[in-house]
Every structure is written in structure tokens, then in C-alpha cells.
Amino acid sequence: MKKKTILLIGFATISITSCTLIPGSDQSKIRLAATNYVEGKLNAGETMKWGHIERKLSREVNGRDCKYAEIKYKIKSKQGESDYKTLYLLMSEHCDSVYNISENINY
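Fair warning: this is a prediction, and the values are worked out from it, not measured in the lab.

Colleague: Honestly, the side chain of Lys67 in this entry has me stumped. Any pointers?
Modeller: Residue position: Lys67 is located in strand E2 (residues 64–76). Within polar-contact distance, the side chain of Lys67 engages the side chain of Asp26 at 2.7 Å. Side-chain polar atoms of Lys67 contact the backbone oxygen of Glu93, separated by 3.1 Å. In this structure Lys67 touches Asp26, Lys56, Leu57, Ser58, Leu89, Leu90, Met91, Ser92, Glu93 and Cys95, once residues within four positions along its chain are discounted.

Below is the structure:
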């Protein structure tokens, strides 16, 4: 019984800490930056459906510690057609600042 409780607590902790909806987490900051960027580029009638963070890596770029994230998402047109896309973000170490956002891989 004790092992089962410990495993359940461990699983719950992993689930909570990997969620992109926890305010203030790196994942939520990445999601917010990506969503703001994509929504600013949408055409009339298009909507964005969040996908997931495919990859999040720590990197040193020009002497700065950075986080590099690869984001998967879907754009749905007014006609109902879906287009799957990838977005690449380069952010500060704690994801407080965005250094670069691109739809093409740069790093």
C-alpha cells in the first residue's frame, strides 16, 4: 500500500510539473509567447489550436544561456481545413524574454 501511494504521488507530481497551464512555469511562458506570435499572424476566420512543446533545450547563444523550444500547433481555416505547423523560439534562460521566433529552424 505504501509503494502504491508513493507511486501515485510521484506520478501526480510529474504530471503537474510538466503541464503548460501552470502560471509562471517555463512551459506556460513558452506557450504564451508562441500563442501571441501565431494569433498576431492569423488571417480572418482562422483559429489556432495549441499542440505541444516538441522539444525544449538549454543552449548557449552569443554567451547567453537560452532556452530553445520547438512548438507544434494547428491552424484551422474558416472552411474547416487544418494545417499543422512548427514554430521555433529562442528565449532567455528563464523564458522571461523572447530573443527570436521563427517558422524555420535557425539553431
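Colleague: Explain the sheet that holds E2 here, please?
Modeller: Adjacent strands of a sheet form backbone hydrogen bonds with each other and so pair up, either parallel or antiparallel. Pairing in this open sheet of four strands is antiparallel, and the strands run E1-E2-E3-E4 from one edge to the other. The open sheet has two free edges, formed respectively by strand E1 (47–61) and strand E4 (98–102), since each of these has just one partner strand. If you compare each strand with its neighbour and ignore which way they point, the axes differ by 20° on average. Where strand E3 (residues 82–92) meets E4, four bridges bridge the pair, whose relative direction is antiparallel. Within E4, the position partnered with Met91 by the bridge is Val98. Of the strands in this sheet, E1, E2, E3 and E4 are in contact with helix H2 (residues 26–41), which crosses E1 at around 120°.

Colleague: What am I meant to see in unusual backbone geometry here?
Modeller: For residues besides glycine, phi is generally negative; the peptide bonds are generally trans as well. Although it is not a glycine, Asn62 sits at a positive phi angle of roughly 55°. Mapped onto the fold, Asn62 is located in the loop between E1 and E2. Asn62 sits in the exposed class, given a relative accessible area of 72%. With a phi close to 60°, Cys95 is a non-glycine residue in the positive phi region. Its location among the elements puts Cys95 in the loop between E3 and E4. Relative accessible area serves as the criterion here: at 3%, Cys95 is assigned to the buried category.

The rules behind these values
- Residues numbered from 1 in each chain as written.
- Predicted model: local features only at pLDDT ≥ 70, side-chain atom pairs only at ≥ 80, totals over all residues.
- Heavy atoms only, no water.
- Helix = DSSP H or I, 4+ residues; strand = E, 2+ residues; numbered from the N terminus.
- Polar contact = N/O pair within 3.5 Å; in protein donor to acceptor, adjacent residues only side chain to side chain.
- Contact = heavy atoms within 4.5 Å.
- Pairing = 2+ DSSP bridges.
- Axes fitted to C-alpha atoms, helices over the stretch in contact; angles between N-to-C directions.
- Buried < 20%, exposed > 50% of the residue type's maximum accessible area, 1.4 Å probe, protein only.

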